[in-house]
Amino acid sequence: EYKDQDTGSHIKRMSRSCAAVAHSMGLDENTVTAILHAAPMHDIGKIGIPDKILAKPGKLDPVEQEIMKLHTVIGAKILSGSDEEFIKLGGIISMSHHEKWDGSGYPNGLKGTAIPISGRIAAIADVFDALTSRRPYKEPFSLEKSLVIIKSWRGSYFDPEVVDAFMAIQDEILAIKKEYE
């Protein structure tokens, strides 16, 4: 939040959206609550990424992209060693929220259900918020375009079940977005 005024709002939108999707998927209330409290840590590893990369106004070059990808591993390392379950879950989410259903994600190229459910849920919430928010490198997409993109990535980027749960509660997701703009 100190370096980026939208980070606090992003974290609130993202964590509440994760909890809403987890609930929509029928996960038990303890898991939903754990995801709500762990999801804000998904990008904690960005603390180890140089500011010139984080705030770059244009597209990252291939070397910068590889450095940026390290935030997943850095975050998991920061959160490792705790006995607190929600901190452990935060590490899992940090490490897995950029994995893709088809195996083309990072850092481990996990595929399908090998990706923890918390990471699969965090992926859709994070991407939706990124699509609909202003970033140093892009203007926000419309809600309509963002939802079309989410649907089009069903089965490739995202777990089809997670997309279905997300789409089933899109009014709730949009209310969360509005509340924390």
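Our subject is the structure listed above.
Rules used in this analysis
Residues numbered from 1 in each chain as written. Predicted model: local features only at pLDDT ≥ 70, side-chain atom pairs only at ≥ 80, totals over all residues. Heavy atoms only, no water. Salt bridge = Lys/Arg side-chain N within 4 Å of Asp/Glu carboxyl O. Buried < 20%, exposed > 50% of the residue type's maximum accessible area, 1.4 Å probe, protein only. Helix = DSSP H or I, 4+ residues; strand = E, 2+ residues; numbered from the N terminus. Polar contact = N/O pair within 3.5 Å; in protein donor to acceptor, adjacent residues only side chain to side chain. Arc of directions from axis to C-beta. Patch = residues over 30% accessible without salt bridge, like charges linked within 9 Å, V, L, I, M, F, W, Y side chains within 5 Å. Areas by Shrake-Rupley, 256 points an atom, 1.4 Å probe, with all protein chains shown as cover. Axes fitted to C-alpha atoms, helices over the stretch in contact; angles between N-to-C directions. Parallel < 35°, antiparallel > 145°, perpendicular 65-115°, else oblique. Left-handed = near helix turned anticlockwise from the far one by under 90°. Contact = heavy atoms within 4.5 Å. Phe/Tyr/Trp six-rings, centres within 6.5 Å; stacked < 30°, edge-to-face > 60°. Lys NZ or Arg CZ within 6 Å of the ring centre and 35° of its normal.

### Overview of the pattern of salt bridges
If you walk through the whole model with that rule in mind, you get nine salt bridges. Put simply, K46 and D43 hold a salt bridge, and the shortest N to O gap is 3.4 Å. Accessibility expressed as a relative area gives 28% for K46, which makes it partly exposed. Assessed through its relative accessible area of 17%, D43 is described here as buried. Across the salt bridge formed by D159 and R120, the nearest N and O atoms sit 2.6 Å from each other. Residue D159 is located in the loop between α7 (143-152) and α8 (160-168), and its partner R120 is located in helix α6 (residues 117-131); the two are separated by 39 residues in the primary sequence.

### Here we look at unusual backbone geometry
Looking along the chain, the bond that leaves Y106 and enters P107 is cis, with omega of 10°. Following the sequence through the fold, P107 ends up in the loop between α5 (85-96) and α6.

### Some remarks on the environment of E179
Note that E179 resides in helix α9 (residues 170-179). When the C-alpha positions of E179 and R13 are compared, they lie 8.3 Å apart, and in sequence the two are 166 residues distant. A distance of 3.3 Å separates polar atoms of two side chains, one belonging to E179 and the other to Y180.

### Quick word on helix α2 (residues 29-38)
Considered for burial, the residues of α2 that qualify are V32, I35 and A38. Across the axial projection of α2, the buried residues extend over an arc of 140°, all falling on one side. Capping of α2 at its N-terminal end is provided by D28; its side-chain oxygen lies 3.1 Å from the backbone amide nitrogen of N30.

### Some thoughts on a nonpolar patch on the surface
Among the surface-exposed residues, I44, I47 and I78 lie close enough to one another that they form a single nonpolar patch of about 280 Å² accessible area. Relative to the elements of secondary structure, I44 occurs in the loop between α2 and α3 (51-54). Given the relative accessible area of 31%, I44 is considered partly exposed.

### Some details on the packing of α2 against α5
Packed helix pairs are characterised by how far apart their axes lie and by the angle those axes make with each other. Two elements in contact, α2 and α5, have axes whose closest approach is 8 Å; the angle formed by their N-to-C orientations is 70°. Compared by their axis directions, α2 and α5 come out roughly perpendicular. The interaxial crossing formed by α2 with α5 has right-handed handedness. Where α2 approaches α5, its residues A34, I35, H37 and A38 are matched on the opposing element by F86, L89, G90 and I93.

### What to know about the packing of aromatic side chains
Tallied over the entire structure, the rule returns four aromatic pairs. Measuring from centroid to centroid gives 5.3 Å for W153 and Y157, while their planes differ by 15°, and the two rings are stacked. Of the residues examined, W153 reaches a relative accessible area of 32% and is grouped as partly exposed. Between the aromatic rings of W153 and F158, the centroid separation amounts to 6.2 Å while the plane-to-plane angle is 50°, which identifies the pairing as tilted. Every member of this aromatic cluster is reached through a ring pair, and the members are W153, Y157 and F158. The ring centre of F141 lies 4.9 Å from the NZ or CZ of K138, which sits over that ring. Across the ring face of F141, the terminal group of K145 is positioned such that the distance to the ring centre comes to 4.4 Å.

### Comments concerning the side chain of S17
You can see S17 is positioned in helix α1 (residues 7-24). Setting aside its immediate chain neighbours within four residues, S17 contacts A125, I173 and I176.

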